[in-house]
There are 2 protein chains.
Amino acid sequence: MAVKCKGQTFIFENPPHIVAHAAIVGPEESKGPYSDYFDLHLDDAKYGEDSWEKGEERMAANAVNLSLDKASVTAADVDLMLGGDLLNQLITADFVARDLDAPFLGIYSACATLVEGLSLGAALMDGGFADCVVAFASSHYQTAERQYRTPLEYGVQYPPYKQFTVTAAGSYVLGWVGGDVWITHATFGKVIDLGVTDPNDLGSAMAPAAAEIILQNFKDLNRGLADYDLILTGDLGITGKKVLTSLLEEKNIMADDKLMDCGGEIFGGQKQYGSGGSGVGASASFFGSVIIPRIKAGEFSRILFVGTGALLSALTVKQKESIPAIAHAIVVEKIPGG
Amino acid sequence: MAVKCKGQTFIFENPPHIVAHAAIVGPEESKGPYSDYFDLHLDDAKYGEDSWEKGEERMAANAVNLSLDKASVTAADVDLMLGGDLLNQLITADFVARDLDAPFLGIYSACATLVEGLSLGAALMDGGFADCVVAFASSHYQTAERQYRTPLEYGVQYPPYKQFTVTAAGSYVLGWVGGDVWITHATFGKVIDLGVTDPNDLGSAMAPAAAEIILQNFKDLNRGLADYDLILTGDLGITGKKVLTSLLEEKNIMADDKLMDCGGEIFGGQKQYGSGGSGVGASASFFGSVIIPRIKAGEFSRILFVGTGALLSALTVKQKESIPAIAHAIVVEKIPGG
């Protein structure tokens, strides 16, 4: 019966377009080498609000509204919004949805949340349930840091393998016409846990999940590295990308030239950001703003976009649990089947 | 294009069956009038583990495994698991999924999480992407209370409108054959906020969302109260159910005899539980264990199951935000279209 599924991969018969996208980034991200690609830049992480959380909410809301404007639709045209973030109970996404006149589903896969939203949105459209879906996600340095780790006033040192939570929001409008970029497949991952317990080393915790989902996608679609122009991960950071490269090499997949990590890129490798960016805002902003234009320009004709999430909480760290990880992936193409 | 959607309602052409379900409840729920309906009862809220959180995880994992056993499938047969809970970053569901060999998507709509999972699972099956989906959810008095409110050692007084978080987990296996109960439609709600700020009065915050989704379902399917034998909400509590009754009466819908609330029922109205149960575990356990048998027995031939969620966090309460609410609904039938 499940004619549109092979292994863990959904195959879209009527692949939806990414009609429009928008990204807003924070002060640190605005200093990075990709700054000019993003739609809006905050010079104040509170975005003029009286708390960081309200600043994150405003950033995410404005990203969603900007993406709707670019797609020439209003919230009332949207059949479903799929959104999430890193804050407890997804309060950023919840409060963004409160101000929009469209049905909303909360989703969470840590930094794989955007890919979860794009995957589910594409599947529900291909399944005949929706003509217009919005997927959005955000993260924020100050809100995440004080929730997961320590009060910001304490200050922290950045070991080279630790990632820096990106302040950014990205929103994507899926539809049937326009945009000239298609989501053609989605591969859903299992939760794996190889026993990493250091919450500063999330890249190493997530890399095995990324490797698994890449291999699963290849297997399900009978594809190999040659079938993709780029494997974009979000967000392993510089350290996690190295681990992923090694894990793939063990399977005789020499992917180094084709691997790019949103978080690893976004700060341009500057040391004060440790291993680079993390937080779902990194991939939510980078994929749309930096990579989609390169797909449209013909530089990449088919990419695999792998969202990776570390499924820890402040409490699991205190209870000395190891860190489970998950990855989900979508195939994004300039010309479906081309 | 979206031929299987009307308004906010998905219409399933090949509605999946609820093949099997299982529920495990905690010590307090085991004293209630429905105790005998549940599969397993804990006399220790830690379930023999060294923390309440690990106890909740074990309870949820065992509910999932028991539902798989009842459906005569293993995790390897499951195309997708959709799970969530009330803990930060959905750690119960994440850790349950870690031990199961199946793809996993984290979902969150507070106490509407189970209905979100059943809805999405049914849609993905009807869309041709899956033959077997598991939807599961849990809540736990001690883990929720200390996360959302105060250390348990402080003790709390229960005003009559305050709900008591239910310790329970429920898991549902969706498939094509067996079970003789179908999910035929799903109606997805918008986030609404009428300005309730008292985190002890969640029933009043959620009742308007419940009213809206019931009216939306009626409108989308051109139905009325006479088309349903039961409107099951989860979980408004006794107070919230009264508010919902009034809100529907204002629309000339005299639903009192047909409304039942999982949380309002589960403790049998005893005063020490305030307004009755809350927490997604209430509906996750009650719907399968108490209501599905009554559908199978022919007492109800078509019901509307409305999940209601209060989208607050400990932080939004401290920041004095009002409490947004959401509701999603599914139509469950003994004979589809019958």
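Let us now look at the overall build of chain A. The helix and strand tally for chain A stands at nine helices and 15 strands. Across its three principal axes, chain A shows a C-alpha extent of roughly 55 × 50 × 35 Å. Each of the 338 residues in chain A was classed as buried or not, and the buried ones make up 63%.

What follows deals with the domain arrangement of chain A. All names here are of chain A. The domain boundaries assigned to chain A delineate domain 1 (5-175) and domain 2 (182-333). With centres defined by C-alpha atoms, the gap from domain 1 to domain 2 works out at 17 Å. Mapped onto the side of domain 1 that touches domain 2, the elements with two or more residues apiece are β2 (9-11), β3 (17-25), α3 (113-126), β7 (133-139), α4 (141-148), β8 (164-165) and β9 (168-175).

Residues and elements named next belong to chain A. Helix α6 (residues 237-250) packs onto helix α5 (residues 202-221) with a crossing angle of 40° between their chain directions and a minimal axis gap of 8 Å. As far as their axial angle goes, α6 and α5 are oblique. Between α5 and α6 the crossing geometry is right-handed. Residue-level inspection shows G203, S204, M206, A207, P208, A210, A211 and I214 of α5 in contact with α6, the latter providing G237, T239, G240, V243, L244, L247 and L248. Residues of the contact of α5 with α6, tallied by class, amount to ten nonpolar, five polar and no charged.

Moving on to unusual backbone geometry. Look at the link from G234(A) to D235(A): it is a cis peptide, with omega at 5°. Relative to the helices and strands, D235(A) resides in the loop between β11 (230-234) and α6. The backbone of Y47(B) sits at a positive phi, close to 55°, despite the residue not being glycine. Considering the arrangement of structural elements, one finds Y47(B) in the loop between β4 (40-41) and α1 (52-70).

Contacts between chain A and chain B engage 52 residues on the former and 52 residues on the latter. Those elements that place two or more of their residues in the side of chain A that touches chain B are α2 (91-98), β6 (104-108), α3 and α9 (314-318) of chain A. Relative to strand β6 (residues 104-108) of chain B, β6(A) runs antiparallel, the two sharing three bridges. If you follow I107(A) over to β6(B), its bridge partner there is I107(B).

Here we come to the pairing of β9(A). Residue and element names in this part refer to chain A. Buried residues dominate β9, accounting for eight of its eight residues. Because side chains alternate across β9, one face comprises the buried residues A168, G170, Y172 and L174, and the other comprises A169, S171, V173 and G175, equally buried. Both β7 and β9 contribute to a ladder of seven bridges, which runs antiparallel. Counted as the bridge partner of V134 is V173 from β9.

Here the focus is the relation of the copies chain A and chain B. Superposing chain A onto chain B takes a rotation of 180° plus a shift of 0.0 Å along the axis, which leaves an RMSD of 0.0 Å. When the rotation and shift are considered jointly, the pair of chain copies conforms to a two-fold rotation axis.

On to the pairing of strand β14 (residues 302-310) of chain B. All names here are of chain B. When you tally the buried positions in β14, you get nine out of nine residues, the bulk of the element. What you see with β14 is no split at all: R302, L304, V306, T308 and A310 on one side and I303, F305, G307 and G309 on the other are buried throughout. Both strand β11 (residues 230-234) and β14 contribute to a ladder of five bridges, which runs parallel. By the bridge assignment, I231 is partnered in β14 with L304.

Tracing the backbone shows V306(A) in strand β14 (residues 302-310). On a C-alpha basis, the gap between V306(A) and A327(A) in space is 6.5 Å, while along the polypeptide they are 21 residues apart.

Moving on to helix α5 (residues 202-221) of chain B. Residues and elements named next belong to chain B. Between the first and last C-alpha of α5 there are 29 Å, a value that for 20 residues agrees with the 28 Å anticipated at 1.5 Å per step. The element α5 is largely enclosed, with a buried count of 14 among its 20 residues. Looking at the residues trailing α5, positive phi occurs at N222, about 55°.

The subject of this paragraph is the confidence of the model for chain A. In this model, chain A carries an average pLDDT of 95, and 99% of its residues clear a pLDDT of 70 or more. Both scores are available for the predicted complex, with the pTM at 0.97 and the ipTM at 0.97.

Below, the discussion takes up the environment of K219(A). Inspection of the secondary structure assignment puts K219(A) in helix α5. C-alpha of K219(A) to C-alpha of K6(A): the two residues are 213 residues apart in sequence and 9.3 Å apart in space.

Time to look at the environment of G224(B). Note on placement: G224(B) falls in the loop between α5 and β11. Sequence separation of G224(B) and S35(B) is 189 residues, and the distance between their C-alpha atoms is 33 Å.

Okay, helix α3 (residues 113-126) of chain B next. For α3(B), which comprises 14 residues, the first-to-last C-alpha distance of 20 Å matches the rise-based estimate of 20 Å (1.5 Å per residue) to within 8%. Among the 14 residues in α3(B), 14 count as buried, and that is most of the element.

Rules behind the numbers
Residues numbered from 1 in each chain as written. Chains lettered and ligands numbered in written order. Predicted model: local features only at pLDDT ≥ 70, side-chain atom pairs only at ≥ 80, totals over all residues. Helix = DSSP H or I, 4+ residues; strand = E, 2+ residues; numbered from the N terminus. Buried ≥ 20, exposed ≤ 12 C-beta atoms within 10 Å, placed from the backbone. Domains from an automatic or database assignment. Axes fitted to C-alpha atoms, helices over the stretch in contact; angles between N-to-C directions. Parallel < 35°, antiparallel > 145°, perpendicular 65-115°, else oblique. Left-handed = near helix turned anticlockwise from the far one by under 90°. Contact = placed C-beta atoms within 7 Å. Nonpolar A, V, L, I, M, F, W, Y, C, P; charged D, E, K, R; others polar. Pairing = 2+ DSSP bridges. Least-squares fit on C-alpha atoms with pLDDT ≥ 70 in both. Expected span 1.5 Å × (residues − 1). pLDDT = per-residue confidence, 0-100.

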